[in-house]
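# An overview of the molecular structure
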Amino acid sequence: MTSRLSLSHAALLACVAVISCYITWSAIAASTRLYNLIVVVPVAVIIAVLLITLVWQALSGSVPDGALPDRKSTIGDIIMLVAFGVFCFGLTKFGFDIATFIFVWAGVAFGGERRLWLPPVYAAVFTLALVKFFGSLFPFPMPLLVL
Amino acid sequence: MIDTIAFAQASDLLFSSFGPWLYVIPGLLIGLIFGAIPGLQISMAMAVFLPVTFGMDFLQAMLFLTSIFTGGAYGGGVTAILMNIPGSSSSVATAFDGYPMAKKGQHNEALGLGLGASVVGAFAGYLLLMFLIQPLAGAVLKLGPLEMVMVVVWGLTLIATLNDSTVAKGLMAGAFGLMLSQIGMSTTGTMRTKLGNPYLIDGIAVVPAMIGIFAASELLRLRGSSYLVQSDADREISFKRILAGMAMSLRYPKTLFRGSLIGAIIGAIPGVGSSVANLVAYGEVRRTSKNPEAFGKGEPEGVVAAETANSSSEGGSMTALLALGIPGGAATAVLLAAFSFHNIIGGPAFIRDETELVYAIIIGNMGQVVLLGVLGLLTLRLLGLVIKVPLAYLVPSVLALCAWGGYGITGTLAGPLTVAAFAGLGWLMRRHNYPVAAAVIGLLLGRMTEGELVRTMQISGGNPLGYLLERPIAIAFFILLVVISLILPIMRHRKAKKALV
């Protein structure tokens, strides 16, 4: 049995632990009445027990992490994820049309399309369709820069 | 149980002219489109088209709006099957087996199965409604928060069965979902965990979170491949195979019956509805299956259970609306608004004085279900074309659609940012074999659990056990829950152990 706790698995467990601790602390700080803690506290206890179990399982190697994707694929995923985060943030900052056009163009090119002219043309048509059809069904105003 | 004179009058209202049916096909199409696009809700479609019903008579308006409801319930399942994006919370369980089927090249069969199960489920739901509307309405009035706690806990037990690698990971995903559901103002009005951000006062927006954790994270994983379905031959859209899939759904009569019954009963409980019904039905069918390990890997029975239950819950939700004038969810609330447009008040008096109208709505909905079968078959070929799109184009386009969908739900930047945050969480969870579906169930049912538990504690004066003894329906639910989730699995485990010896 080998001891294995990959960096990304450790990051996930740390993320769960930090968020759960914060939610529990915040709920207790807001009010210690039973009605306020009826779900938070029992779930926090369960999460604490499960965290210990999962870390122990990973470190002891009793439940291995399994085969992880290669480094190149992981870096590609992270780039796409960051680009998606920036795109989501940019929707209201730069306008839905511009943000969507750039994201789809870059995404198609990043996905492996070799014809240089096709991604911007596709991105423009897709953005136009999205703004005119999908966007028109929204009950909220949608910031646009060009269209 | 059926008033034959009113039934004859209802038939006359529906079939003496084409008028009542005029808006059914457009309604079904609107529902299919809104249901199939992540971020566009069925209730949103009904609200958008509500003003159109001003010019219609009451029956036309009801049939138009309920046809959007019917079409939308199935539309959500189409994207769940083809892209692992549940169009709404009522299609979460459809994705569990529908998407693995699509990835195996069985998308035609999965779409057909879903359509067949939806048609049977919705028909059965309305059939039950026709026969049981009065007794069911009486039962609904007897349900209190304790009974709702039982139903919601029943839905939560599914978490324990969803594990991609170990039970601990499944439970951790579910518990973390429950924890995230506690962000924002509590049921009793205590402000907690808002991080100084006004968007978090109402907690995390569940649908954008669901879109992010299910869809966006899966799309990131697919990025390296060329097509959703790898083999060229398997990418074919075959009408014959869709039809075969539809016929295949009839091979699971027990599942169709159980899914319909669970859906109709849970759908009738105000505030619970189809989002819980599909999970409970899926969990029950998986639990009692001879082959539970096949579920989650493309088991047709899983698609049938989920789709039957979410479709039959529509009939159930109409029970509370027609018989009591209580809307069980957002969609029925829009229907209630249509009632008031036409100066009609739902409730016992409506059933007593306008019985023929009630029957006409129910029979009309059964007719709609048949039309959904035909229309679904015609449109599935078009909707299925998504698997022919190269992933280099599909991934960024659907990711963009997901972010737009998040905005469509919240109307603020919080929607797209929730999608992005949950996409990251989902990517990490999938990478280490944590079931993202369990986290969604926790997030979806956490608020409901808290609300019903608090109400139970308040009503019982802090003595829920004493209160339980006074509630026969709650006792029945409790015994059923213990038998199904504890005693039956133990018995089955012992039987399997004995068979090995």
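The structure displayed is predicted, hence computed values, not measured ones. Starting from 1, residues in each chain are numbered consecutively following that chain's sequence as written. Chains and ligands are labelled by the order in which they are written, letters from A for the one and numbers from 1 for the other. Only residues with pLDDT of at least 70 get local features here, since the model is predicted, and only at 80 or more are side-chain atom pairs given and counted; chain-wide, interface and lining totals rely on the full set of residues. Side-chain figures throughout are based on the complete set of non-hydrogen atoms in the structure, without hydrogens or water.

### Some details on the overall build of chain A
Helix and strand assignments follow DSSP, with helices taken as H or I runs no shorter than four residues and strands as E runs no shorter than two, numbered in order from the N terminus. For chain A, the count of helices and strands is six helices and zero strands. Sequence-ordered secondary structure for chain A, helices as α and strands as β, is α-α-α-α-α-α. With the radius of gyration taken over C-alpha atoms, the globule rule is written as 2.2 Å times the number of residues to the power 0.38. Its C-alpha radius of gyration of 22 Å places chain A more than 25% over the 15 Å reference for a compact globule of 147 residues. Within chain A, the proportion of its 147 residues that are buried is 41%. Exposure is judged per residue with a 1.4 Å probe applied to protein chains only, and the accessible area is read against the type maximum: over 50% gives exposed, under 20% gives buried, and values in between give partly exposed.

### As for the domain arrangement of chain B
Residue and element names in this part refer to chain B. Boundaries between domains were set according to an automatic or database domain assignment. For chain B, the assigned domains are domain 1 (4–470) and domain 2 (471–501). Each of domain 1 and domain 2 was reduced to a C-alpha centroid, and the two centroids are 28 Å apart. Any two residues having at least one pair of non-hydrogen atoms within 4.5 Å are treated as being in contact. Across the boundary between the two partners, domain 1 contributes 17 residues, which contact 12 residues of domain 2. Summing both sides of the interface, domain 1 and domain 2 together bury roughly 1400 Å²; the carbon and sulfur share of this comes to 73%. Salt bridges, as used here, are contacts in which a Lys or Arg side-chain nitrogen is within 4 Å of a carboxyl oxygen on Asp or Glu. Where domain 1 touches domain 2, the interface holds one salt bridge. Glu147 is the partner of Arg471 in a salt bridge, and the nearest nitrogen-oxygen pair spans 2.9 Å. Accessible area, probed at 1.4 Å, shrinks when two parts are joined; the buried area is that loss added up over both.

### A few points about the nonpolar core
Counting 206 residues, the largest nonpolar core has Phe84 and Phe87 of chain A together with Phe96 and Trp404 of chain B as its most contacted members. Residue contributions to this core peak at 14 residues, all from helix H4 (residues 58–83) of chain B. Setting aside anything within four residues of it in sequence, one finds Trp404 of chain B in contact with Phe87, Leu91, Phe96, Thr100, Leu130, Val131, Phe134, Gly135, Phe138 and Met142 of chain A. Here, the term nonpolar core denotes a set of buried Ala, Val, Leu, Ile, Met, Phe, Trp, Tyr and Cys residues that are joined through side-chain atoms within 4.5 Å.

### Here's the deal with unusual backbone geometry
Residues and elements named next belong to chain B. In the Ramachandran plot, Asn343 falls in the positive-phi region, its phi being about 55 degrees despite a non-glycine side chain. Looking at the element boundaries, Asn343 is found in the loop between helix H15 (330–341) and helix H16 (348–353). The backbone of Asn433 shows a phi angle near 60 degrees, a positive value even though the residue is not glycine. Relative to the helices and strands, Asn433 is located in the loop between helix H19 (414–431) and helix H20 (436–459). Look at Asn433 and you get partly exposed, because its relative accessible area is 31%.

### Comments concerning the environment of Thr79 of chain B
Looking at the element boundaries, Thr79 of chain B is found in helix H4. Setting aside residues up to four positions removed in sequence, Thr79 of chain B forms contacts with Gly35, Ala36, Asn84, Ile85, Pro86 and Gly87 of chain B.

### A look at the confidence of the model for chain A
In the predicted model, chain A carries a mean pLDDT of 88, and 95% of its residues have values of at least 70. The predictor rates its confidence in each residue with pLDDT, a number between 0 and 100. Averaged pLDDT values for the elements of chain A fall to 88 in helix H2 (residues 34–37) of chain A and rise to 94 in helix H5 (residues 96–110) of chain A.

### Comments concerning the packing of helix H12 (residues 253–268) of chain B against helix H14 (residues 300–324) of chain B
Residue and element names in this part refer to chain B. The axes used here are C-alpha line fits, helices contributing only the stretch in contact, and every angle between their N-to-C directions lies in the interval 0 to 180 degrees. Closest axis-to-axis distance for the H12/H14 pair is 6 Å, and the angle between their directions is 35 degrees. Here the hand of the crossing between H12 and H14 comes out right-handed. Facing H12, whose interface residues are Thr255, Leu256, Gly259, Ser260, Gly263, Ala264, Gly267 and Ala268, H14 presents Glu301, Val304, Ala305, Thr308, Ala309, Ser312, Ser313, Gly316, Ser317, Thr319 and Ala320. In this classification, the charged set is Asp, Glu, Lys and Arg, the nonpolar set is Ala, Val, Leu, Ile, Met, Phe, Trp, Tyr, Cys and Pro, and all remaining amino acids, among them Gly, are polar. Of the residues that constitute the contact of H12 with H14, the class distribution is seven nonpolar, 11 polar and one charged. Each crossing gets its hand from how the near helix is turned against the far one by less than a right angle, where anticlockwise is left-handed and clockwise is right-handed.

### What to know about the domain arrangement of chain A
By the assigned domains, chain A splits into domain 1 (7–60) and domain 2 (71–137). Distance between the C-alpha centres of domain 1 of chain A and domain 2 of chain A: 36 Å.

### A closer look at helix H6 (residues 118–134) of chain A
The span one expects for a helix is its residue count, reduced by one, times 1.5 Å. For H6 of chain A, with 17 residues, the first-to-last C-alpha span of 23 Å sits near the 24 Å given by 1.5 Å per residue. Looking at the packing, one finds that the buried side of H6 of chain A touches H5 of chain A together with helix H18 (391–410) of chain B.

### Concerning the UniProt feature "transmembrane region" (unreviewed entry) in chain A
Residues and elements named next belong to chain A. UniProt positions are given in the numbering used here, feature names are shortened, and annotations may be inferred rather than shown by experiment. Per the UniProt entry, the sites bearing "transmembrane region" (unreviewed entry) are residues 6–25, 37–58, 78–104 and 116–138 in this numbering. Spanning residues 37–58, this segment combines 91% helix with 0% strand, and its end C-alpha atoms are found 31 Å apart. Note that residues 78–104 is 96% helix and 0% strand, and that its end C-alpha atoms are spaced 17 Å apart.

### Focus on the interface of chain B and chain A
Facing the 63 residues of chain B at the interface are 71 residues of chain A. Between chain B and chain A the total buried area reaches about 5900 Å² when both faces are included, carbon and sulfur atoms providing 78% of it. The largest share of the area that chain B buries against chain A comes from Met179, Tyr393 and Trp404 of chain B, three residues that together contribute 15% of it. Remark: the boundary between chain B and chain A carries zero salt bridges. Elements with a contribution of two residues or more to the side of chain B that touches chain A: helix H9 (167–180), helix H10 (206–222), H18, H19 and H20 of chain B. Counting residues per element, the side of chain B that touches chain A draws most heavily on H18 of chain B, which supplies 15 residues. For the side of chain B that touches chain A, a count of residues per class yields 43 nonpolar, 15 polar and five charged.

### Considering the packing of helix H5 (residues 92–103) of chain B against H10 of chain B
Geometrically, a packed helix pair is captured by the angle between its two axes and the distance between the axes. Residue and element names in this part refer to chain B. Between H5 and H10, the shortest axis-to-axis distance is 12 Å and the interhelical angle comes to 15 degrees. With respect to each other, H5 and H10 are oriented roughly parallel. H10 is crossed by H5, and the crossing has right-handed handedness. Contacts from Val92, Phe96, Tyr99 and Lys103 of H5 reach H10 at Met210, Phe214, Glu218 and Leu222. For the contact of H5 with H10, the per-class residue count stands at six nonpolar, no polar and two charged. Oblique is the label for every angle not falling under 35 degrees (roughly parallel), over 145 degrees (roughly antiparallel), or within 65 to 115 degrees (roughly perpendicular).

### Quick word on helix H7 (residues 145–156) of chain B
All names here are of chain B. Helix length check: H7, at 12 residues, gives a terminal C-alpha distance of 16 Å against a target of 16 Å (1.5 Å per residue), a fit within 8%. The buried fraction of H7 is high, at 11 of 12 residues. Among all positions in H7, only Pro145, Leu146, Glu147, Met148, Val149, Met150, Val151, Val152, Trp154, Gly155 and Leu156 are buried.

### Examining the environment of Gly384 of chain B
The residue Gly384 of chain B is located in the loop between helix H17 (355–383) and H18 in this model. Sequence separation between Gly384 of chain B and Asn108 of chain B is 276 residues; the distance between their C-alpha atoms is 7.9 Å.

### Topic: the packing of aromatic side chains
Residue and element names in this part refer to chain B. Only centres within 6.5 Å qualify two rings of Phe, Tyr or Trp (six-membered ring in Trp) as a pair; their planes then separate them into stacked at under 30 degrees, edge-to-face at over 60, and tilted for everything else. The full count for this structure, using the stated rule, is 17 aromatic pairs over all chains. Seen from their ring centres, Phe49 and Phe64 are 6.3 Å apart, and the 80 degrees between their planes marks the pair as edge-to-face. Of the two residues, Phe49 is situated in helix H3 (residues 42–49) and Phe64 in helix H4; the sequence distance between them amounts to 15 residues. On the basis of relative accessibility, which here comes to 21%, the residue Phe49 falls in the partly exposed class. A connected cluster of aromatic rings, assembled from ring pairs, spans Tyr23, Phe34, Phe49 and Phe64. Whether a charge sits over a ring depends on NZ of Lys or CZ of Arg being within 6 Å of the ring centre and within 35 degrees of the ring normal. The cationic tip of Lys169 hangs over the ring face of Tyr434; the distance from NZ or CZ to the ring centre is 5.3 Å.

### A word on the side chain of Thr255 of chain B
Mapped onto the elements of the fold, Thr255 of chain B is located in helix H12. In this structure, Thr255 of chain B is in contact with Val285, Glu301, Val304 and Ala305 of chain B, ignoring residues within four places of it in sequence.

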